[in-house]
Amino acid sequence: MDEERHPPGEELRHGSDGHRRIGRGVFLATVVGGATSLVWGKAAWSRVSSALGGAEAFVPLVPTKGWRIYTVASTMPTFDPGTWRLGLGGLVEEPASLDYDQLRALPRTTQVSDFHCVTGWTVRNVHWAGVRLTDLLARVKPLPTAGGLEFVSAEQPYVDSLTLKQAQLRDVLLAYEMDGRPLPREHGAPVRLVIPEMYGYKNVKWVAEINLVPEAEPGYWENLGYDQDAWVGRSNGYTS
Amino acid sequence: MSPRPVAPGYVRRFSRTERVLHWVNAAGFFVLLASGLVLYLPSLAATVGRRPMVKDIHFWAGIGWVCALALVVLLGDRRGLLRTAREIDDFHPEDVRWLSGRRPAPQGRFNAGQKVNAALTAAFVVLFFVSGMLLWLGERDTRFRFASTVVLHDGLLYVSLGLLVGHLYLAVLHPATRHALRGMVTGTVREDWAQEHHPRWGPSPE
């Protein structure tokens, strides 16, 4: 490849006349520091951001606001308020198909909770507004044979599920507002599931259908090896 | 092949292997930066969509980047590159003086800032590759999943963007230093410029 002569460099005198081997030190220190940060990185990052005035003051400076947008399909679903429907069916006494206004007319609740992704990132203090799953369940009246809920996303083929007991936790929402604004498209407009106790892949975006089923079935990521019960810090190989 | 003649008044600063290595690294970095930003920034992710495809592009660009760098080293002038690595490693007392901001501090073929930048860039290739592979493997197997991998990959992005902005400013905009770009494109620089900015190098015309 090289038909040209290598240019003469500067004179090298390792270890004499005050010469020091610094280049390799910079290289090795950076590689070692970076590699060990796999152990201390996340803790150090949260300490730095809290030292800079807490996550809420600091996060807006980061272009992502701490979020990452993960999708599995080639296009992101689009929300059309005119045609959008939320299907509620399966093992229920009163199946329903709600339009956006009907969904917004259900009892509204707000909560502030943290959002944890299984890949390691966390967004603190997200302000959600929406409908409690327990309120939704009270409306459709699950049959005694129902043991789980299937959440079908408009982003095909994404689907995930919860047991009835998990869905009845107090802070499980179908959220249509995030941080005081209608849920943005990339966060699952118009509604997404929020279950703060579990990793993000359980928090299905672009929810189009909720079906009561005999038991919770593996969803999109579960079929790729992720845990069915995605408890934060107690699943998917994490222990803390 | 005989060496390409150097124009009068010019001296050779970078060998072909050095230049190919630099531009392969730069090209790979920009493809990875563009595809990585689509994956990383919510507004871009929403506009572009097609995340599975962009993920594939980013993954294979990373593999291709490291393989291409290895190929350049294997097929190029390895002895010359080793000599370059020794130059980057070796800090003359004037280099230390240069880093502490005192002047004059006559510099060699690489000034001390270029040496530090080269060492950091090499380390970042390793760290970007390792953390990127861990992200890919971790999606498939919990044994490779660490809560801090994504912090490392992002941190590298921010620091390397800072280095890149400084590097581009000095190579393209800053009047005193931008002649160096010619060296990285054609291999040669003006002799008087070399004398002024790299007096301790003192190359002789070929």
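Whatever comes next refers back to the structure up there.
I will try to describe carefully the structure that is included in this document. Remember, it's a predicted structure, so these values are computed and weren't measured experimentally.

## Here we look at helix α3 (residues 51–75) of chain B
All names here are of chain B. Here α3 is 25 residues long and its end C-alpha atoms lie 35 Å apart, about the 36 Å a rise of 1.5 Å per residue gives. Three or more residues of α3 are buried, namely R51, V54, H58, A61, G62, W65 and V72. Those residues of α3 hidden inside the fold are in contact with α1 (16–40), α2 (42–48) and α6 (112–138).

## Comments concerning the pairing of strand β7 (residues 159–163) of chain A
Residues and elements named next belong to chain A. Most of β7 is tucked away, with four of its five residues classed as buried. Pairing of strand β6 (residues 148–153) with β7, which is carried by five bridges, proceeds in the antiparallel orientation. Among the inter-strand pairings, L149 is bridged to a residue of β7, identified as L162. Between β6 and β7, which pair antiparallel and follow one another directly, the connecting turn spans five residues.

## Here's the deal with the interface of chain A and chain B
Contacts between the two partners involve 50 residues from chain A and, on the opposite side, 61 residues from chain B. Taken together, the elements giving at least two residues each to the side of chain A that touches chain B come down to β1 (20–21) and α1 (23–51) of chain A. Grouping the constituent residues of the side of chain A that touches chain B by class yields 19 nonpolar, 19 polar and 12 charged. Bridge analysis of β1 of chain A against strand β2 (residues 90–91) of chain B gives two bridges, and the strand direction is antiparallel. Paired with R21 of chain A across the two strands is D90 of chain B, which belongs to β2 of chain B.

Reading the values: the criteria
- Residues numbered from 1 in each chain as written.
- Chains lettered and ligands numbered in written order.
- Predicted model: local features only at pLDDT ≥ 70, side-chain atom pairs only at ≥ 80, totals over all residues.
- Helix = DSSP H or I, 4+ residues; strand = E, 2+ residues; numbered from the N terminus.
- Expected span 1.5 Å × (residues − 1).
- Buried ≥ 20, exposed ≤ 12 C-beta atoms within 10 Å, placed from the backbone.
- Contact = placed C-beta atoms within 7 Å.
- Pairing = 2+ DSSP bridges.
- Nonpolar A, V, L, I, M, F, W, Y, C, P; charged D, E, K, R; others polar.

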